[in-house]
Amino acid sequence: MKPTKPRADRPALDLDLPQFLDAGPSPYHAAAVAVGAAVRAGFQVLYDGDPWTLEAGRAYVVLHNGSTVAAFRMGRKAPADAGFRLVGAHTDSPNLRLKPRPGLASAGHVLFDVEVYGSPILATWVDRDLSIAGRVTLDRGGTLATALVRMDEPLCRISTLAIHLGRGVNEDGLKLDKHRHLAPSLGQLAAGEDPTRAALDTLARAAECEVDDLRGFDVGLYDTAKAAYVGRNGELLASARLDNLASCHAALAAVIAAPPSDATAIAFLFDHEEVGSQTAEGASSAWTAGLLQRIATAAGGAASLPQALARSMLVSADMAHAVHPNHPEKHDGVHAPRLNEGPVVKTNASRRYGTDAETGAYFRALCRLEGVPAQEFVTRADLACGSTIGPIVAAGAGIRTVDVGNPMLSMHSVREVCGRHDAAAMTRVLTRFLAADVPLPW
Ligand code: CO
């Protein structure tokens, strides 16, 4: 079998990775951008609440609750006979979210009152030109309507305390109280102005609506700096949200590029991984197994789902920890992935990753077929292991899973970095996986 070559007669994702990263400052934007790209590549939009008629070989995309996406191409055979090939990633990243009454006043400033979402490295959020993105729900003449909102220009910043007023900062580290020290300033409060009203006015201006029409919002902060190639030869990619929009990009590119096969190919992009996935949009949701049931039923009878799952596999794609040049001791020496040296297979004896002998071997075999080196990651025995959507979907649907990801540094910083060349390598391997021309080993 030969490596997959991009073919001129196959559709391709029409956004490169930096464009995709910049277009997705919130999970709602990332999901909308993914749906738009799938539609431009010929995928037909389905709605959860409609009846579905699915045709063999055709491609479909579903937006679930605004921030989770499933893009899939029906197999030539029913899932009961040829299974699913699934790739999973997540649309959310750690950040700071506005509270329902988002205005504070202090020392003549108007500030956004924020709550921490997930586990950001808080110190990286200070002294950045930040803005807001997410979604707002509006009263439109008595009915509620939801719209995306994004302010492009820098709007606010969390300023560090001068070193003269906090002399120990370099010895002790920058310590920020989550309740008191993270509120970004929107500038100065006018005399007599109400800070909540001022904050809501700003949000309404971004949403191009009247402030009195705002009924609800899911809005977070983001860094307005764009993705950029860095390094002597531009071999690094620095950006916000590489964890995990880089994997969403690879998964989406793969499901668009993969040729029709007997198996049904699906890319799942889930929200809420960073807060545990236990939501209506998260990987734990019954929606995931429900969608597989729905596809299996449409293609060949309700009783066929367990049969289909036995012939299926999930590649859970989430970014991996590259060995850090200034902290090499944080890695186990022979399981220390490097940037630009290929996708990482993640293994954990306590099964915080879904990888086992067969699923790991299968992914490594796909890498070999595509001429891509594969790397290995096991966390040090004295460090806690992160997790991914892999074990969640594996347990929820009983699907055999491998956990993989491209190596990166600065994970959960407001600005992360990965290897420029790993992106295309991962896309190739995921495309080969979804092409399903290599039989599963069970
Ligand atoms: Co992640």
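For the structure, see preceding data.
Calculation notes
- Residues numbered from 1 in each chain as written.
- Predicted model: local features only at pLDDT ≥ 70, side-chain atom pairs only at ≥ 80, totals over all residues.
- Heavy atoms only, no water.
- Salt bridge = Lys/Arg side-chain N within 4 Å of Asp/Glu carboxyl O.
- Helix = DSSP H or I, 4+ residues; strand = E, 2+ residues; numbered from the N terminus.
- Buried < 20%, exposed > 50% of the residue type's maximum accessible area, 1.4 Å probe, protein only.
- Contact = heavy atoms within 4.5 Å.
- Expected span 1.5 Å × (residues − 1).
- Phe/Tyr/Trp six-rings, centres within 6.5 Å; stacked < 30°, edge-to-face > 60°.
- Lys NZ or Arg CZ within 6 Å of the ring centre and 35° of its normal.
- Patch = residues over 30% accessible without salt bridge, like charges linked within 9 Å, V, L, I, M, F, W, Y side chains within 5 Å.
- Areas by Shrake-Rupley, 256 points an atom, 1.4 Å probe, with all protein chains shown as cover.
- Axes fitted to C-alpha atoms, helices over the stretch in contact; angles between N-to-C directions.
- Parallel < 35°, antiparallel > 145°, perpendicular 65-115°, else oblique.
- Left-handed = near helix turned anticlockwise from the far one by under 90°.
- Nonpolar A, V, L, I, M, F, W, Y, C, P; charged D, E, K, R; others polar.
- Pairing = 2+ DSSP bridges.

## Side note on the pattern of salt bridges
Here the structure, examined in full by the defined rule, presents 18 salt bridges. Across the pair R157 and D127 runs a salt bridge, and its minimum N-O distance is 2.7 Å. Of this pair, R157 sits in the loop between β8 (143–150) and α4 (169–172) while D127 sits in the loop between β6 (109–117) and β7 (130–140), and the two are 30 residues apart along the sequence. The partly exposed category is assigned to R157, whose relative accessible area is 33%. Each member of the salt-bridge network shares a partner with another, and the members are E370, R428, R432 and D437.

## Observations concerning the environment of L130
Following the sequence through the fold, L130 ends up in strand β7. By relative accessible area, L130 is classed as buried at 0%. In this view, L130 contacts W125, P154, L155, C156, R157, I158, L221, Y222, D223 and T224; residues no more than four positions away in its chain are not counted.

## Description of helix α5 (residues 195–207)
If you check α5, its first and last C-alpha atoms are 18 Å apart, about what 13 residues at 1.5 Å a residue would give, namely 18 Å. Within α5, the full set of buried residues consists of P195, A198, A199, L200, T202, L203, A204, A206 and A207. Following α5 by one or two positions, E208 adopts a phi angle in the positive range, close to 50 degrees.

## Some remarks on the packing of aromatic side chains
The relative placement of two aromatic rings is captured by the distance of their centres and the angle of their planes. Inspection of every chain in the model, using the stated rule, returns five aromatic pairs. For the pair W52 and F72, a centre-to-centre distance of 6.4 Å together with 35 degrees between the ring planes defines the contact as tilted. Placement of the pair is W52 in the loop between β1 (44–46) and β2 (59–64) and F72 in strand β3 (residues 68–73), with a sequence separation of 20 residues. As far as burial versus exposure is concerned, W52 and F72 are alike and both buried. With a centroid separation of 5.9 Å and 80 degrees between ring planes, the pair formed by F268 and W287 is classed as edge-to-face. Remark: W287 occurs in helix α7 (residues 286–300) and F268 occurs in strand β13 (residues 264–270); sequence separation between them is 19 residues. The same class applies to F268 as to W287, namely buried. One aromatic cluster is present, formed by W52, Y60 and F72 through successive ring pairs. Its end group placed over the ring of Y117, R97 keeps NZ or CZ at 3.8 Å from the ring centre. Over the ring of W52 we find R294, and its NZ or CZ is 3.7 Å from the ring centre.

## Focus: a nonpolar patch on the surface
On the surface, a nonpolar cluster with roughly 260 Å² of combined accessible area is contributed by V39, V45 and Y47. A relative accessible area of 53% means that Y47 is categorised as exposed.

## Focus on the packing of helix α6 (residues 242–257) against helix α11 (residues 422–435)
It is at 8 Å that the axes of α6 and α11 come closest, and there the two elements cross at 45 degrees. With respect to each other, α6 and α11 are oriented oblique. Between α6 and α11 lies a crossing whose hand is right-handed. Every residue of α11 that contacts α6 at A250, A251, A253, A254, V255 and A257 is listed here: M426, T427, L430, T431 and L434. Its residues assigned to classes, the contact of α6 with α11 comprises nine nonpolar, two polar and no charged.

## What about the sheet that holds β1?
Read from one edge of the open sheet, nine strands run β1-β2-β3-β13-β4-β14-β18-β16-β17, paired in mixed fashion. Looking at the sheet topology across the chains shown, the edges are occupied by β1 and β17 (375–377). The mean angle between the axes of side-by-side strands here comes to 25 degrees, regardless of whether they run parallel or antiparallel. Where strand β4 (residues 84–90) meets β13, seven bridges bridge the pair, whose relative direction is parallel. Looking across to β13, one finds that V87 is bridged to A267. Contacts between α7 and the sheet are confined to β2, β3, β4 and β13, with β13 contributing the most and set at about 160 degrees to the helix.

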